[in-house]
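Okay, here's what each chain looks like letter by letter:
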Amino acid sequence: MKIDQTGLLKQNEKIQLKNATRDISSIINSYNNMIDELEKSAELLARTQREQAWQEMAKQVAHEIKNPLTPMRLTVQNFQRKFSVKDDYDKGKVAEFSEMLLEQIDTMSEVANAFSDFATLPTPKLVESDLVKITRRSLEIFDGIDVKFNSSHKEIYLQLDRTQWIRVITNLIQNGIQASKQGRVPKIEVTIIKEVKSVKIKFIDNGKGIPESIQSKVFEPKFTTKTKGMGLGLGIVKNIVNSHNGSIKYETGKKGTIFIITLSLLNQPHH
Ligand SMILES: Nc1ncnc2c1ncn2[C@@H]1O[C@H](COP(=O)(O)OP(=O)(O)OP(=O)(O)O)[C@@H](O)[C@H]1O
Ligand SMILES: [Mg+2]
């Protein structure tokens, strides 16, 4: 009867039977293995649904923020123009007021963009590009930070969206820097290794590692342990990597964390 009740979205019980014959216990064994597999699928499904729910919410938030922005901007600009004609008006105050408002509106705009980028990450515009060159270039902005770069090959060509790839790198490096232990200088290493059918890009930091209690959540949108974090970085990174048909995982411990991206080299033009 337990077999009748098995289902993907339920807590399934394993069968424990003493004195079973060899045939029966082999069936029971495979049933119990199936339960394990089922549990894994259910977990995966739940996570995907959660991520989708967040994307939906992010879209709505972005929409809500964006809606009033254009009229607000127009009103302020009108106001600015009107009062610049009247000489007896306190021009300094008006200018200050308008500037402040405009600044706030632009900040709101940026927040909205961050959300909507996450929710509707545009399908990547894949162009044949040199991964080594793009990666090395995007590391240059981390001026004054100890970032080492190595690559097994001088050039590695594959189909990439350059802008999205820069975001992946920036996010992972930023996380690495922010993870540094108190009083320690952050050290980051980026390594590209080309294998036969794939290329691996490793982001190694000397930070405090990811505690086990949060390990299942780090890729979830809006999950953050930082006071100023939005928790969107790794969600965006994962989306981009997935849309490049790649995968991302990490290894972590007391000495730091390594994020490893694997991109496929199959069906890529040869060089
Ligand atoms: N290299 C790392 N070392 C240690 N912890 C990390 C590392 N990268 C991510 N984390 C953990 O995963 C959480 C989620 O990371 P994510 O990049 O998605 O968001 P965030 O960095 O908190 O905020 P945001 O990227 O939006 O500014 C972080 O708050 C941090 O706890
Ligand atoms: Mg981050």
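Residues numbered from 1 in each chain as written. Chains lettered and ligands numbered in written order. Predicted model: local features only at pLDDT ≥ 70, side-chain atom pairs only at ≥ 80, totals over all residues. Heavy atoms only, no water.

Draft legend 1. Up close: the pattern of salt bridges. In the structure shown here, the tally under the stated rule is three salt bridges. Between E37 and K40 there is a salt bridge; the shortest N-O distance is 3.5 Å. Remark: K40 and E37 occur in helix α1 (residues 22-66); sequence separation between them is three residues, near one turn of the helix. Taking the relative accessible area as the measure of exposure, K40 reaches 54% and is therefore exposed. Residues K148 and D146 are paired through a salt bridge, measuring 3.6 Å at the closest nitrogen-oxygen approach. (Salt bridge = Lys/Arg side-chain N within 4 Å of Asp/Glu carboxyl O. Helix = DSSP H or I, 4+ residues; strand = E, 2+ residues; numbered from the N terminus. Buried < 20%, exposed > 50% of the residue type's maximum accessible area, 1.4 Å probe, protein only.)

Draft legend 2. How the structure looks around empty space enclosed by the protein. One pass over the structure, following the stated rule, counts one cavity of 30 Å³ or more. Lining the largest cavity we find L172, I173, N175, G176, I188, F203, I204, D205 and F259. Looking at the lining of the largest cavity, the elements with two or more residues in it are α5 (162-178) and β5 (198-205). Partitioned by chemical class, the residues of the lining of the largest cavity number six nonpolar, two polar and one charged. (1 Å grid on protein atoms, 1.4 Å probe; cavity = no way out; pocket = protein on both sides within 12 Å on 5 of 7 lines; lining within 4 Å. Points joined across faces, edges and corners; volume = space filled by probe spheres on them. Nonpolar A, V, L, I, M, F, W, Y, C, P; charged D, E, K, R; others polar.)

Draft legend 3. Up close: the site of ligand 1. Lining the immediate environment of ligand 1, one finds 20 residues, of which D205, T224, T225, K226 and L234 sit closest. One of the side-chain N or O atoms of T224 is found 2.5 Å from an oxygen atom in ligand 1. Within the side chain of T225, a nitrogen or oxygen atom sits 2.5 Å from an oxygen atom of ligand 1. Relative to its unbound accessible area of 590 Å², ligand 1 is 90% covered by the protein chains. Comparing atom positions with the cavity grids shows ligand 1 to sit within the largest pocket. (Near = heavy atom within 4 Å. Polar contact = N/O pair within 3.5 Å; in protein donor to acceptor, adjacent residues only side chain to side chain. Areas by Shrake-Rupley, 256 points an atom, 1.4 Å probe, with all protein chains shown as cover. Sits in = over half its atoms within 2 Å of the grid points.)

Draft legend 4. Focus on the sheet that holds strand β2 (residues 146-151). Judged by pairing direction, the sheet is mixed, and its five strands sit side by side in the order β2-β4-β5-β7-β6 without closing on themselves. Each of the sheet's edge strands pairs with one partner strand only, and the pair in question is β2 and β6 (247-253). The sheet shows a mean angle of 15° between the axes of neighbouring strands, taken without regard to direction. Strands β2, β4 (187-194) and β5 of the sheet are contacted by helix α4 (residues 131-139), whose axis makes an angle of about 175° with β2. (Pairing = 2+ DSSP bridges. Axes fitted to C-alpha atoms, helices over the stretch in contact; angles between N-to-C directions. Contact = heavy atoms within 4.5 Å.)

Draft legend 5. Geometry of the environment of P211. Residue placement: P211 occurs in the loop between β5 and α6 (233-243). Counting along the chain gives 41 residues from P211 to T252, while the straight-line C-alpha distance between them is 8.4 Å.

Draft legend 6. Molecular detail of the side chain of S198. For S198, the location among the structural elements is in strand β5. Classification of S198 by relative accessible area gives buried; the value is 13%. Not counting residues up to four positions away in its chain, the partners in contact with S198 are I193, T262, L263, S264 and L265.

Draft legend 7. The nonpolar core, seen in detail. The biggest cluster of nonpolar side chains holds 36 residues, and the ones touching the most others in it are W165, I173, I201, F203, F259 and I261. Listed by contribution, the elements that provide at least two residues to this core are α4, β3 (157-160), α5, β4, β5, α6, β6 and β7 (256-264). The leading source of residues in this core is α5, at six residues. Ignoring anything within four residues of it in the chain, the contact list for W165 reads L131, I134, T135, L160, I201, I261 and L263. (Core = buried A, V, L, I, M, F, W, Y, C linked by side-chain atoms within 4.5 Å.)

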